[in-house]
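Residues per chain, in single letters:
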Amino acid sequence: MDQFAQKYIEEATEIIAKLEQLILEVEKQPQNLDMINEIFRLMHTLKGGGAMFGFSKVTDVTHELESIYDYIRNGKAKIDNELLNISLDIVDYVKVLINPNAQIDEHEHELKVNSLTALKEKFKKNCSSKNTENSDSNSKIKDKNVKVDKDKDVSNEQKITIDESQNNKIIEDETNSIDEKQNDEIIEDEIEKLIELNNSDELIKNFNQKVENKVADKPINTIVQTPEEIKKIQNIENKKSVKTYKVFFKPHIDILKNGTDPLLLLRELYELGLSKVFTVTDTVPVLDKLTYDNTYLCWLVLLVTDNKNAIDDVFIFVEDDAFIDIEVLYEGNAFDDEDFVLNIDKFVNYQIKKYKKNCVIEEFIPSTSTKITPESNNTDAEPIKNEKKVDNLDDKNKETEQSQNVVVKDKEKILHEKILELEKVTKETQLKEKQKEHNNNNSEKNITDEKIKPENISEKVEKIDIFDEQEKEENKFIETEVEKNLNSDKLSKQVTTISSLRVSAEKVDTLMNLVSELITTQARLSVFVESNTNPELEYIAENIQKLSRQLRDNAFELSMVPLQSVVLRFQRLVRDLSAQLNKNIEFKTEGSSTELDKRIIENLIDPIMHLLRNSLDHGIEHKSTRKKLGKPERASVFLNAFYSGTNVFIQVGDDGRGINAEEIKSIAIKKGLLKPNVEYKVDEILNVIFEPGFSTSFEVSEVSGRGVGLDVVKRKVSELRGEIKVETELNFGTVFTIKLPLTLSIIDGLLVLIGNTRYVIPMSVVHKIYAIDHIDLKKSHYNLLVLDNQQVPYYYLREEFDEKSKILEKEQVLVINHEDKMVAIIVDKVIGEYQAVIKTLGKLYHDQQIFSGATILGDGTVALVMDVRKIIDKFSVIEK
Amino acid sequence: MEKDTIYQSDSYLTFKVGGENFAASVNKVLNILEMSKITKVPQAPEYMLGVINLRGQVLPVIDSRIKFGMPVSEITKNSFIIVIEVLIDEKIVQLGALVDSVNEVLEVTQDTILPPPSIGNRYKTDFISGVLNVNDEFIMVLDIDKAFSTDEIIQFQTNNEIINNK
């Protein structure tokens, strides 16, 4: 099960990231219903998965939050800052919860859940108060529904009850009483009664009887109604009251192996509302052919609910592992219809046969006929489980009695369409009669629009809508049927096209390694072919070279990640920090689609965070100061990224106070980082802020400004073979520019020879190449060379590397641009260009920092890749 | 190499370094390579011979003779690099160890491994987990993790010293 939990954690992490982003975006546009819906959906997914994989705490908190967002998406409440803060807090908390190593304080958890529940109650209250103000009965009922739905203890029947009921007052009273008196005697009575009845058929009968009784008992309640009111009810019925869904669920035979328990899904369905579950058992093979962990069963569920999304959500995790067919069967509660209840078995038989015909169900024992076992009847089965449910029966009855009294004609029609279907198969005389009775309606159902009687005009539009929908549904079904028939492979062909893949970073790394290996092997092949002139072999080698180059480019693209993937973090940082600092700050990003090597991005997060924090804390002035300076009150901090050549530039900047170079200079002189009485260029002064000693001095002296930990930023950036620069203008802002190579794992290099060993020097640092006589070198003093009338300090690598082989007469000088200064390094010979795939030298060579790695050459030997910056640093330290 | 099948196995690879016999659990040995061109890494300790290309990976190679404080002789055609897995700071690192010759794989029952000799403080015995006596010749069973995760040069006792101390 562990690996499933792992999968959930992965998925949850992704969802959390999305949630965070959405919450931040909703803040900007609180009216965007799509986003709120998406938040709700993501919360729901998080919750469902949490429950499934044992993260019950995640479920606790997300459940409450989900409820709140449900109010919002239904327009019952508005998003406010408090909610967003709490949402973000919970998102953070969930992050902790899904971390298997995290220690969770039970007490704290309880507090969190309680506070959420309180918040939910607040929202709920708001909703109810709104209700009373609202005269529209529709929304009242809907509210009610939502409210009850979210109340854990209140059962599903009640929801339906309230939905269809037209008498708000009564229900409201009832709900209240339910809430308050949990152990109501009536409930107990009902339970007892229900326990006695364990046959579901009996239950239905009993239920129907009850309905009838109730109708007889309380006729006044429903009959005495103004035509206006009736109309209203009809509207409710038509518009958005419950529907009866047919849910066919055939899990893939291997579903258990994927860790999904179909029973849990059925239970979830069961919780959605009034339901009846039928199990198809004749797909189960004989015992000796039965594999214990295969799933042979499939289920047909008739479910009354108002929430199609909820049904979809139940199956959200198994979409790919099961055949799922969800169809609206009936507008309204089909279980209210006696005819339907009576013929339910026939209907189910027919449906199952239909699925069989479409090869959705494979029969393992062809000889036996379809056997259907009614598994549970939610109407009143399992009464002990949920005490409240029973109590709802009362409501239910009342409600049915009402709805039965106000049967809308088209409702009947729809039912009879279904019955017509039944009829085709069963040819029941009883049904035939029934059909005849409504023959007019049925036979002309295809041209309903024309047949609508004038007095029904008010309903007409709605009716058409319904039928259109119905037709659409049917068309869809036909379409899928055709599709199914075409696909002989049945379930396996249900796979939809996938536009993107999630691949573990590890796999990509492996691929990269393999590609690198291929490239080096290919280089060997090329070397070999050059010495063996065989035209055919040459041709093959050339092709391989071409292909492997393409492969390499593709593979490297795979490991590139857009900066966007981490921008969210920065957004969050800016949001939280600006609130904390009481500054009004806008965060802008540009070019966040710029792609960088995954490893670079990972290592960039901290430095960028640091720069942003500096900008927010030190760069941006307080509101009052900004006002005085006539700057816009809303400050801006930006993160830009763009390509230039083979480099990527990332800029972090602000429109704050900027850096005062004079101030920096005086501090630097005090700290001994700069010498007094020396003229420095502004750049030179500014670069001091990257010095390790500088930052601490700032903290100690509490001088407001920048510089805290910028040395760390610089170090991190240079570890990525990058550079950092700062530009600033007093009172206008500061921009940090980070220059990075596109990828860490491949570089354009210059292959050089020192002694018998070959090395690679990154091409990007090499400025010029000169040839020099060794004798001239000997003549030079203080390691200074004169090149193009310029004095250039040089490093003689032969000596530094302790190379003892014979010195060549002619040597070569590489002029390197090192921090805007020219430095020369001398090697024996430049062999040529080489595209090097860099491999790490590993732990054992950790101390050899002058090499950023090694690469494998065409002949299979290893060449070391120099980190020129480090080489210069290292050897200049020695000289001092 | 399946990680989860590593139990205390009874197979040991024996090899010679500087005239001494050593044994290492085969669970720790991944590969035995013939000598190939080793790329020297400048500024590294002396016993770090350099790096080689092991199927596209860069593998550091240690000269066991220097590491174990043995006399360094010419590299012959008998010289091999054994690729071993060493646990360094809780991470598994692959490295190559240059040895003078590789002998055989011995099947040994645990009880025939004698405890490492304990004589004075003059020699470090942490790096050997036991001694095998095969045909009156002593073979030191190396604790690969300990022997190769240290930066120091290890001083081992010679065969004669062990015999003398018995």
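Definitions and cut-offs
- Residues numbered from 1 in each chain as written.
- Chains lettered and ligands numbered in written order.
- Predicted model: local features only at pLDDT ≥ 70, side-chain atom pairs only at ≥ 80, totals over all residues.
- Helix = DSSP H or I, 4+ residues; strand = E, 2+ residues; numbered from the N terminus.
- Buried ≥ 20, exposed ≤ 12 C-beta atoms within 10 Å, placed from the backbone.
- Contact = placed C-beta atoms within 7 Å.
- Nonpolar A, V, L, I, M, F, W, Y, C, P; charged D, E, K, R; others polar.
- Pairing = 2+ DSSP bridges.
- Axes fitted to C-alpha atoms, helices over the stretch in contact; angles between N-to-C directions.
- Parallel < 35°, antiparallel > 145°, perpendicular 65-115°, else oblique.
- Left-handed = near helix turned anticlockwise from the far one by under 90°.
- Core = buried A, V, L, I, M, F, W, Y, C linked by C-beta atoms within 7 Å.
- Domains from an automatic or database assignment.
- pLDDT = per-residue confidence, 0-100.

**Q** Can you help me understand the overall build of chain A in this one?
**A** Per the secondary structure count, chain A includes 34 helices and 22 strands. Taking all 880 residues of chain A together, the buried fraction comes to 36%.

**Q** Looking at this structure, how should I read the overall build of chain B?
**A** Looking only at helices and strands, chain B features three helices and 11 strands. Along chain B, helices (α) and strands (β) appear in the sequence β-β-β-β-β-α-β-β-β-β-β-β-α-α when read from the amino end. For chain B, the residues scored as buried account for 36% of the 166 residues in total. Intrachain contacts of chain B at a sequence separation of at least 6 include 56% that bridge at least 24 residues.

**Q** It is not clear to me how the interface of chain A and chain B should be interpreted in this structure. Could you clarify?
**A** How big an interface is tends to be stated in terms of the accessible area lost upon association of its parts. Across the boundary between the two partners, chain A contributes 23 residues, which contact 20 residues of chain B. For the side of chain A that touches chain B, the elements supplying multiple residues, two or more each, are α23 (505-531), β21 (851-856) and β22 (862-866) of chain A. In terms of residue count, the dominant contributor to the side of chain A that touches chain B is α23 of chain A (four residues). Classifying every residue of the side of chain A that touches chain B gives 11 nonpolar, eight polar and four charged.

**Q** I would appreciate a short explanation of unusual backbone geometry in the present structure.
**A** Phi is mostly negative for residues that are not glycine, and the peptide bonds are mostly trans. In this structure, Asn582 of chain A takes a positive phi of about 55 degrees despite not being glycine. You can see Asn582 of chain A is positioned in the loop between α25 (564-581) and β7 (585-590). Taking the C-beta count within 10 Å as the criterion, Asn582 of chain A has 8 such neighbours and is therefore assigned exposed. A positive phi angle, close to 65 degrees, is found at Asp136 of chain B, a residue other than glycine. If you trace the backbone, Asp136 of chain B turns up in the loop between β10 (128-134) and β11 (137-142).

**Q** What is the right way to look at the sheet that holds strand β7 (residues 91-99) of chain B in this model?
**A** Across a sheet, strands are paired by hydrogen bonds formed along the backbone, either parallel or antiparallel in direction. All names here are of chain B. Here we have five strands laid out as an open sheet, ordered β3-β6-β7-β5-β4, and mixed in their pairing. Strands with a single pairing partner mark the edges of an open sheet, and in this sheet they are β3 (29-34) and β4 (48-54). Within the sheet, the average angular offset between the axes of one strand and its neighbour, ignoring direction, is 35 degrees. Pairing analysis gives three bridges linking strand β5 (residues 57-63) to β7, with the strands arranged parallel. Bridging across to β7, Asp63 finds its partner in Leu98.

**Q** Explain the sheet that holds strand β12 (residues 733-741) of chain A here, please?
**A** Residue and element names in this part refer to chain A. The five strands are arranged β7-β9-β10-β12-β11 in an open sheet whose pairing can be described as mixed. Bordering the open sheet on either side are β7 and β11 (723-729), each of which pairs with just one other strand. Within the sheet, the average angular offset between the axes of one strand and its neighbour, ignoring direction, is 15 degrees. One ladder, built from eight bridges, connects strand β10 (residues 647-654) with β12; its direction is antiparallel. What sits directly across from Gln651, in β12, is Thr737.

**Q** Explanation requested: the packing of helix α2 (residues 33-52) of chain A against helix α3 (residues 56-73) of chain A in the structure shown.
**A** Describing two packed helices takes the angle between their axes plus the distance from one axis to the other. Residues and elements named next belong to chain A. Contact pair α2 / α3: the axes reach a minimum separation of 8 Å and the direction vectors enclose 155 degrees. Between α2 and α3, the angle falls in the class roughly antiparallel. Two packed elements cross with a definite hand, and for α2 against α3 that hand is left-handed. Contacts from Leu33, Ile36, Asn37, Ile39, Phe40, Met43, His44, Leu46, Lys47, Gly50 and Ala51 in α2 reach Ser56, Val58, Thr59, Thr62, His63, Leu65, Glu66, Tyr69, Asp70, Ile72 and Arg73 in α3. For the contact of α2 with α3, the per-class residue count stands at 11 nonpolar, seven polar and four charged.

**Q** How should helix α28 (residues 661-670) of chain A be read in this particular structure?
**A** Residues of α28 of chain A that are buried include every one of Ala661, Ile664, Lys665, Ile667 and Ala668 of chain A, and no others. Once α28 of chain A finishes, Gly672 of chain A follows within two positions and takes phi at roughly 80 degrees, a positive value.

**Q** I tried to follow the nonpolar core on my own but got confused; where do I start?
**A** Buried together is how nonpolar side chains tend to be arranged in soluble globular proteins. Within the largest apolar cluster, 90 residues are counted, with the highest numbers of intra-cluster contacts made by Val760 and Met866 of chain A together with Leu142 of chain B. It is strand β13 (residues 746-754) of chain A that provides the largest number of residues to this core, a total of six residues. For this core, the two domains that each supply at least three residues are domain 2 (505-559) and domain 4 (746-879) of chain A. Beyond its immediate sequence surroundings of up to four residues, Leu142 of chain B is in contact with Phe22, Ala23, Ala24, Phe127, Ile128 and Ala147 of chain B. Counting residues in hydrophobic clusters, the runner-up holds 41 residues, among them Val574, Phe587, Ile620 and Ala635 of chain A.

**Q** Help me out: how do you make sense of the environment of Met512 of chain A in this one?
**A** Mapped onto the elements of the fold, Met512 of chain A is located in helix α23. By the C-beta count within 10 Å, which is 21 here, Met512 of chain A ends up buried.

**Q** What should I look at first to understand the confidence of the model for chain B in this one?
**A** As a general rule, the predicted coordinates of low-pLDDT regions are not to be interpreted in detail. All names here are of chain B. Averaged over every residue, the pLDDT of chain B is 79; residues scoring 70 or more account for 80%. Across residues 1-7, confidence stays below pLDDT 50; counting only partners more than four residues off in sequence or on other chains, it has two contacts. In the predicted complex, the global pTM is 0.46; the interface-specific ipTM is 0.82.

**Q** How should the environment of Val827 of chain A be read in this particular structure?
**A** Residue and element names in this part refer to chain A. Note that Val827 resides in strand β19 (residues 821-827). Note on Val827: 25 C-beta atoms within 10 Å, which makes it buried. Along the primary structure Val827 and Arg798 are separated by 29 residues, whereas in three dimensions their C-alpha atoms are 6.9 Å apart. When near neighbours in sequence (up to four residues on either side) are disregarded, Val827 contacts Val752, Leu753, Ile754, Leu797, Glu811, Gln812 and Leu814.

**Q** Would you mind going over the confidence of the model for chain A with me for this structure?
**A** When the pLDDT values of chain A are averaged, the result is 71; 68% of them are 70 or greater. For the stretch residues 487-495 of chain A, pLDDT sits under 50, and the model shows seven contacts to residues farther than four places along the chain or on other chains.

**Q** Honestly, the packing of α23 of chain A against helix α24 (residues 535-558) of chain A in this entry has me stumped. Any pointers?
**A** Residues and elements named next belong to chain A. The N-to-C vectors of α23 and α24 enclose an angle of 155 degrees; their axes lie 9 Å apart at closest approach. Compared by their axis directions, α23 and α24 come out roughly antiparallel. In this structure, α23 crosses over α24, and the sense of that crossing is left-handed. Of the residues in α24, those touching α23 at Val508, Leu511, Met512, Val515, Leu518, Ile519, Gln522, Leu525, Ser526 and Val529 are Leu537, Glu538, Ala541, Ile544, Gln545, Ser548, Leu551, Arg552, Ala555 and Leu558. Taken together, the residues that form the contact of α23 with α24 break down as 14 nonpolar, four polar and two charged.

**Q** How should I be thinking about the pairing of strand β6 (residues 80-88) of chain B in this particular structure?
**A** Looking along a regular strand, one sees the side chains alternate between the two faces of the sheet. All names here are of chain B. Two strands pair when backbone bridges link them, and β3 and β6 are joined in this way by five bridges, in the antiparallel orientation. Paired with Leu33 across the strands is Ile81, a residue of β6. Across nine bridges, the pairing between β6 and β7 is antiparallel. For Ile82, the partnering residue across the bridge sits in β7 and is Ala97. Where β6 hands over to β7, the hairpin turn is made up of two residues, of which Asp89 adopts a positive phi near 50 degrees.

**Q** What exactly am I supposed to notice about the environment of Lys76 of chain A here?
**A** Relative to the helices and strands, Lys76 of chain A resides in the loop between α3 and α4 (81-97). Expressed as a C-alpha distance, the spacing of Lys76 of chain A and Phe123 of chain A, which sit 47 residues apart in the sequence, is 8.4 Å.

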